[in-house]
Each structure stands twice: as structure tokens, then as C-alpha cells.
Amino acid sequence: MTFRQLPPDLVATLRETVSLGVITGAGVSAESGIQTYRGQGGLYDDEAEGDRTVEALSAPTLAADPDRTWGVVAHLARQTIQAKPNPAHQALVAMEATLERFILLTQNVDGLHRLAGTRNMIDIHGDVLETRCSSCAFHGDLSVEDLQALTGTPRCPQCACGLRPHVVLFGEMLPEAKIRRLHEEFYERPPEVVLIAGTSAIFPYIAEPVLLAAQAGHPTIEVNPEPTPLSDRVRWSLRGKAGEIFPQIAAALASRA
Ligand code: NAD
Ligand code: ZN
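Residue numbers restart at each chain and count upward from 1, following the sequence in its written direction. In the order they appear in the text, chains get letters beginning with A and ligands get numbers beginning with 1. Local features in a predicted model are, by the rule used here, given only for residues with pLDDT of at least 70; side-chain atom pairs are given and counted only at 80 or more, and totals for whole chains, interfaces and linings are based on all residues. Calculation of side-chain values draws on the structure's entire complement of heavy atoms; hydrogens and water are dropped beforehand.

1. Topic: the sheet that holds strand β1 (residues 19–24)
Strand pairs in the sheet, formed through backbone hydrogen bonds, run parallel or antiparallel to each other.
Move 1: Strand pairing requires that DSSP identify at least two bridges connecting the strands. Note on conventions: DSSP H or I runs of at least 4 residues are helices, E runs of at least 2 residues are strands, and numbering of each starts at the N terminus. If you trace the six strands from one edge of the open sheet to the other, you get β3-β2-β1-β7-β8-β9, paired in parallel fashion. The outermost strands of the open sheet, each flanked by one partner alone, are β3 (121–123) and β9 (236–238). Mean inter-strand twist for the sheet, computed between neighbouring axes without regard to direction, equals 15°.
Move 2: Where β1 meets strand β2 (residues 101–106), six bridges bridge the pair, whose relative direction is parallel. Across the sheet, the residue bridging to Ile23 is Leu105, located in β2. Think of each axis as a best-fit line through the C-alpha atoms, taken over the contacting stretch in the case of a helix, with angles from 0 to 180 degrees between the N-to-C directions.

In C-alpha cells:
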């Protein structure tokens, strides 16, 4: 394989890499047909529509008008349930198989990394195809049939209270156990190389591991068709699609001397 889109000094670095931390966002699933929030073709191309979507996916709206939150969640879940992993997801599975240490932090709620076969991962925002009861301990999954039938708020099969999506909504705290793992994996024993892709990197807990690695002099890579606030901070900012560039990164890692 030729590394068409990779600079030669990056290929040389990857050939010596044994531990890698990867951070992904919605752009990595764009080639699976799932809309991003921001960026070209994203759900928020129309800013006013974007503001309404954020409001619908927030903790106060879930409390005041759960049917409205579920309207947007059902739309995202229907896109997700039809989607399949793409070459970017598959390349990450190949990277994990090649390396001594691999950790993936994803903001995506589509479950595609797990479906592709990634093992060591933190899905910090949860999974849009999972539900939990707002009053009892019930935890469930949404099936194609559930989604076809869904209008308004689904009910708990155990106590008949409203179910909520098992995701972190705007204005909610991140789950403590996942934050702890993020700290262990990215701060207590930082990976040699950090790769970030498909995210506008607006959340501090997403950008910080990259900034920390860059400050410590570790190699850092960004893959995104558009510039982001991190583009000037990483050593290699590669403009392109994750589905095209990740397979080349995986091949360079696998060609370890
Ligand atoms: P975002 O929508 O803010 O940004 C997407 C980024 O991906 C943009 O910078 C865009 O330029 C880039 N991009 C588009 N196509 C790409 C491709 N083929 N390869 C690489 N990059 C590409 O995404 P975000 O930063 O993840 O947004 C944060 C929130 O959006 C998170 O809370 C996440 O849970 C939620 N979200 C998740 C999904 C999903 O699970 N698939 C979808 C939409 C939003
Ligand atoms: Zn219940």
C-alpha cells in the first residue's frame, strides 16, 4: 500500500508506534449515512434548526416535554439502526489488533465502533438505541419494531413510567465511571500517539487529551475534511475523510519495522 495521503514523517512515526489513543466524533460515522451535528450536511447547517434540536435534546426539555425529546431521539435512532460500520470503524479494529495498547474515546451514540469489533473503548455519551427507566432499574434496547411503532415517550415494561434515552443530554453530567476511565487511559498513562477525527472538538474533555499530548511533545494527528480549533495545535492536520485516511494509518502501523 502507498500512503498517498500521509506525509512521510508521519508514516515513519507510525511504524514505531506501539500505543495509540483515538478520539472520534460524529464525522467518523458520516460515511455510514448518519448525519453529523455540525459541518457540511450536518443537522445544524441551519442554525435556528440547530438551536431547536439542542434544546430538544436537553435535560430541561426531557423533564418538561419528554415527547419532544423523544421526537428527535427517534429520528437519530432510526438513522442509527439502519447504519453499518464503514472503513473508518474497520480500520480502528485493525489498529487495535496491531498495537500493544489501544484506547478509543468516542462521542458517538450510534454503537458502530462496538458493532465493528472495537474492544477497549469509552462511549462517553452512551448509546441512542438503549433506554432506561426514569424511576425503576429497568434498562432496555430499542428494536426496529419499537422504533416503527414509536410515537411520543415509550413506557417502562416493568412500572409503566416514561423511559428515557440512555445518552448524556445537553446540560447533564457525564457518567462518573467513564470519566474515571478517561483519566486513567489518557492522563495517568498517556498513549504515545493521539489521533482525533470527525469532531468539531467543542467539548473541553474531548480537546484536552489532545492538547495535553501536544504540550508533552507526543505526536498528535487530526483527520477532518474541515479545519477545527485543534487544527493548528496538532502536529499533523490531515484534511480528508476518516474512511479514506484511517485505512492508510492502520496499514502504516501494521508495517512496523
Ligand atoms: P459534530 O457534528 O460537531 O462535528 C462533526 C465533524 O466531523 C465536523 O468537524 C466535520 O467536518 C467532520 N466530518 C464530517 N465528515 C467527516 C468524515 N467523513 N471524516 C472525518 N470527519 C468528518 O460532531 P461531534 O464533535 O461528535 O459533536 C458532538 C455531539 O454530537 C456529541 O455529543 C455526539 O454524541 C453527537 N452526535 C453523535 C452522532 C453519532 O453517534 N453518529 C451523530 C451526530 C451527533
Ligand atoms: Zn420502570
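On we go.
2. A word on the pairing of β2
Move 1: Burial status follows relative accessibility: with a 1.4 Å probe on protein chains alone, a residue under 20% of its type maximum counts as buried, one over 50% as exposed, and anything between as partly exposed. Within β2, six of the six residues are buried, which leaves it mostly tucked inside the rest of the structure.
Move 2: Neither face of β2 is open: one carries Arg101, Ile103 and Leu105, the other Phe102, Leu104 and Thr106, and all of them are buried.

3. Let's talk about the packing of helix α2 (residues 47–56) against helix α4 (residues 66–82)
Move 1: Closest axis-to-axis distance for the α2/α4 pair is 8 Å, and the angle between their directions is 115°. Contacts from Arg52, Thr53, Glu55 and Ala56 of α2 reach α4 at Arg68, Thr69 and Val72.
Move 2: As a working rule, the residues Ala, Val, Leu, Ile, Met, Phe, Trp, Tyr, Cys and Pro are called nonpolar, Asp, Glu, Lys and Arg charged, and the rest polar, with Gly in that last group. In the contact of α2 with α4, the residues fall into two nonpolar, two polar and three charged. Here a residue-residue contact requires only that any non-hydrogen atoms of the pair lie within 4.5 Å.

4. Section: the domain arrangement of the protein chain
Move 1: The assigned domain composition of the protein chain is domain 1 (1–33 + 85–125 + 174–257) and domain 2 (35–82 + 127–167).
Move 2: The partner domain 2 presents twelve residues to the eleven residues of domain 1 that form the contact.
Move 3: When the two sides are added together, the surface that domain 1 and domain 2 hide from each other amounts to roughly 850 Å², 53% of it contributed by carbon and sulfur.
Move 4: We count a salt bridge whenever a side-chain nitrogen from Lys or Arg sits within 4 Å of a carboxyl oxygen from Asp or Glu. The tally of links between domain 1 and domain 2 comes to zero salt bridges.
Move 5: Two N or O atoms form a polar contact when they lie within 3.5 Å of each other; inside protein one atom must be a possible hydrogen donor and the other a possible acceptor, and for residues adjacent in sequence the pair counts only when both atoms belong to side chains. For the pair domain 1 and domain 2, the interface holds one residue pair in polar contact (both at pLDDT 80 or more).
Move 6: By residue class, the composition of the side of domain 1 that touches domain 2 is four nonpolar, five polar and two charged. Throughout, the edges of the domains are those of an automatic or database domain assignment. Buried area is a sum: the accessible area each of two parts loses on coming together, probed at 1.4 Å, counted once for each and added.

5. Focus on the nonpolar core
Move 1: Residues Met95, Phe246 and Ile249 are the most contacted members of the largest nonpolar core, which totals 29 residues.
Move 2: For this core, the elements supplying multiple residues, two or more each, are α1 (8–14), β1, α5 (87–98), β2, β7 (193–197), β8 (220–223), β9 and α10 (242–254).
Move 3: Among the elements that take part in this core, α10 stands out by supplying seven residues, more than any other.
Move 4: Residues within four places of Met95 in sequence aside, it is in contact with Leu20, Phe102, Leu195, Phe246, Ile249, Ala250 and Leu253. Put simply, buried Ala, Val, Leu, Ile, Met, Phe, Trp, Tyr and Cys residues joined by side-chain atoms within 4.5 Å make one nonpolar core.

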